Every structure is written in C-alpha cells, then in structure tokens.
Amino acid sequence: MEKLVTVVGLTSSGKSTLGIELAKYFNGEIISADSRQVYKNLDWCSGKVDEYEKKQAPHHLLDVVELGKQFTLFDYQNLAYKAIDDVISRGKLPILVGGTGLYSRAIVEGYNLTETKADEKFRVELEKLSKEELIDKCKQLHIELPNEITSRRLIRLIETAGKLKKPNQPKYDVIQIGIRWSREAIYERIKLRLEKRMPNMIEEIKNLISKGVSTEFLMSLGLEAKFVTEYFSGKFDGYETFFEELFKEERHFAKRQQTWFNKEKNLIWIDADENLTRNAIYEIEKFLNKK
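How each quantity is defined
- Residues numbered from 1 in each chain as written.
- Predicted model: local features only at pLDDT ≥ 70, side-chain atom pairs only at ≥ 80, totals over all residues.
- Heavy atoms only, no water.
- Helix = DSSP H or I, 4+ residues; strand = E, 2+ residues; numbered from the N terminus.
- Buried < 20%, exposed > 50% of the residue type's maximum accessible area, 1.4 Å probe, protein only.
- Contact = heavy atoms within 4.5 Å.
- Areas by Shrake-Rupley, 256 points an atom, 1.4 Å probe, with all protein chains shown as cover.
- Pairing = 2+ DSSP bridges.
- Axes fitted to C-alpha atoms, helices over the stretch in contact; angles between N-to-C directions.
- Polar contact = N/O pair within 3.5 Å; in protein donor to acceptor, adjacent residues only side chain to side chain.
- Phe/Tyr/Trp six-rings, centres within 6.5 Å; stacked < 30°, edge-to-face > 60°.
- Lys NZ or Arg CZ within 6 Å of the ring centre and 35° of its normal.
- Right-handed = clockwise from strand over helix to strand, strands pointing away.

Asker: Residue-level account of the overall build of the chain, with values.
Answerer: When its secondary structure is counted, the chain shows twelve helices and six strands. Residue burial in the chain is summarised as follows: out of 291 residues, 50% are buried. Of all intrachain contacts in the chain linking residues separated by at least 6 positions in sequence, the fraction that spans at least 24 positions is 76%. About 14700 Å² of surface is accessible on the chain, with carbon and sulfur atoms providing 48% of the total.

Dropping the structure here:
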C-alpha cells in the first residue's frame, strides 16, 4: 500500500504550519481535509492558508466548489483520492491536513460510500426540525455525531444513514500525527486567531452577502460564517457580545474535535513545543522506512 501522512488537531492548533514544514522536508504536497475550505471565496471564515503559504508547498482541495452548492462526503472522498493518487504518481509524499474529522476518517479508514441523491420530500421534513431534534434523530439511528455540528451536515448524515457499505477498504498505509496543546494554551490561541482575523471575516461576509450569497447558506456553514452573518442581521447586542459568543462556540467546537480525535486509531499525539516539527519528522521517517 502507498503511504499517506495525516496531520490533525484542534482548531488553531497549527496544523497548516506543520503541514507546510513537513511538505518542504519530505518533498510532499498538502491535501486539505476541511469542510469549509472547499468553498471558493470563503477564505478568512474558513481559515485558509494565504498566498505566501501556498507558495511554500502545493495545496489541493481548496476552492473546488461554488458557495451555495451541495458538497457531500462522497464528493470529498472522490476528489481526495484523485489528489492523493496524483501526488503519489509524481513521486511525492501526500500529506492530508485538516480538522474535519469525518473527512480525514473517510480517507484513513477507506469508507465505502455510495452516491445518493437527496430525497427532496424527506429533506423538507428534516429541514423543519431544530438542530437539537436532528441530533436526537442521529442518536436514534446510531449515527456518530461529527465534530462540526451544523443542521446542514446532520441532515446529510441522516439522509445517507445506512448507505455505507461494509467493510471499509483502506487504500493507503497511514500515519496520523496529532498536535497536542494544553486546554488553556489552545483557548488562548483560538482567541488570538479570532481577534487577528475578525476584521477580514466581517468584510468577507459583507461582500458575499452583497454579491447575493444567501444568508441561510452562510449560516449553515457554522462557526465563523454563521456568527458573522448573524452579527450583520442584528442578533447580538453589540460587537463584544458577538465576539464572546463566537469565542465560546469555538471552545465548544474544540472540545468536540478532541472527543472525535481521541477515538482515532493509532493516532500519535505530539506536544506543541519547540520540538514539534522535529518530533513529527522523526515519527514520519520511522513510518516511511518501515517495510
């Protein structure tokens, strides 16, 4: 089996930076595993790498679908497989980087997915349910909740329940590297990152709305896009209230991510200190040299 490196971790943990360092060291290319970064023109609210970072290492699966279009796990897996296989065919190391646990697991475990067309009547009924009701329905169907809980994603999971064929068929020999921070440190990083990106996120959502992107779709993306869109709608009593509510939701999101990644098999956690890159290289070299 061909080898694949994955870099996972909580929001703001430094996955993109580590991925770039590893790509430069190992002559690799990066495949994004982020459910929002696939959308064009959603840059700041999805935390995409900037133009300088893109020049440091080739990146794949950024900006592959128009905002407002449906993009499924099946779509992602197909594109990711093609990108990974292309990188391998050129003698380079594929490095899967991202915090959307369902995306990375679909590749690592080789989910056998089938392309399913939406049952419009069923979807209309599901769209009438609150997020809490959708969560209850997922639990009734024994569907593992994703780390990004939005109504749009819950509806899609319910629609495709039972569509996974068994068993899974992993395509690659995988090493999973996880970046580990203390809770206090990751919360501080989340806050600083939000403060730094906020002016650009607000301007981005303002421009998207002015260009006709529906507020319903933007809110369905969750986290930054949802909260900034709601901020424009006047939901919050001022900027400080808005920021604190978003920061609180980011912390909850990080907890859900941690719960998800704790269930991953054979994930190697590496402490985020000055030796992070060196230690990750050490583990990956052992993996690559293993016969």
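Asker: Account for the sheet that holds strand S4 (residues 93-97), with residues named and values stated.
Answerer: Reading across from one edge, S3-S2-S4-S1-S5-S6 is the order of the six strands in this open sheet, with parallel pairing throughout. What marks the edges here is a single partner per strand, and that holds for strand S3 (59-60) and strand S6 (267-271). Taken strand by strand, helix H3 (residues 73-89) contacts strand S1 (2-9), strand S2 (28-32), S3, S4 and strand S5 (172-180), and its axis lies near 180 degrees from that of S2.

Asker: Could you give me a rundown of the environment of Tyr103, with the residues and numbers involved?
Answerer: Inspection of the secondary structure puts Tyr103 in helix H4 (residues 101-108). A relative accessible area of 3% places Tyr103 in the buried class.

Asker: Please set out the environment of Arg189 residue by residue, giving values where relevant.
Answerer: Structurally, Arg189 can be placed in helix H8 (residues 183-210). A relative accessible area of 31% places Arg189 in the partly exposed class. As a C-alpha pair, Arg189 and Gly14 span 175 residues in sequence and 9.4 Å in three-dimensional space. Residues contacting Arg189, with those up to four places away along its chain left out, are Ser12, Ser13, Gly14 and Trp181. A polar contact of 2.7 Å, which involves the side chain of Arg189, links it to the backbone oxygen of Ser12.

Asker: Tell me what's going on with unusual backbone geometry, and back it up with residues and numbers.
Answerer: The backbone of Asn27 shows a phi angle near 55 degrees, a positive value even though the residue is not glycine. Residue position: Asn27 is located in the loop between helix H1 (15-26) and S2. Overall, the relative accessible area of 43% leaves Asn27 in the partly exposed class. A positive phi is found at Leu61, a non-glycine position, where the angle reads about 65 degrees.

Asker: I'd like a rundown of the packing of aromatic side chains, residues and numbers included.
Answerer: Evaluation of the coordinates by the stated rule reveals eleven aromatic pairs. Ring plane angle 55 degrees and centroid distance 6.3 Å describe the contact between Tyr231 and Phe232, whose orientation is recorded as tilted. A connected cluster of aromatic rings, assembled from ring pairs, spans Phe227, Tyr231, Phe232, Phe236, Tyr239, Phe242 and Phe243. For the cation-ring pair, Arg105 lies above Trp260, with the distance from its terminal atom to the ring centre recorded as 3.9 Å. When the ring centre of Tyr187 is taken as reference, the NZ or CZ atom of Arg251 above it lies at 5.9 Å.

Asker: Describe the pairing of S2, listing the residues and the values that go with them.
Answerer: Of all five residues that make up S2, five are buried, and the element is covered over most of its length. Across five bridges, the pairing between S2 and S4 is parallel. For Ser32, the partnering residue across the bridge sits in S4 and is Val97. When S2 meets S3, the two strands line up parallel, connected through two bridges. The residue bridging Ile30 from the neighbouring strand is His59, located in S3. The β-α-β motif built from S2, the intervening helix H2 (residues 51-56) and the parallel element S3 has right-handed crossover chirality.

Asker: Tell me about the side chain of Thr100, and name the residues and values.
Answerer: Along the chain, Thr100 falls in the loop between S4 and H4. Overall, the relative accessible area of 0% leaves Thr100 in the buried class. A polar contact of 3.0 Å, which involves the side chain of Thr100, links it to the backbone nitrogen of Ser35.

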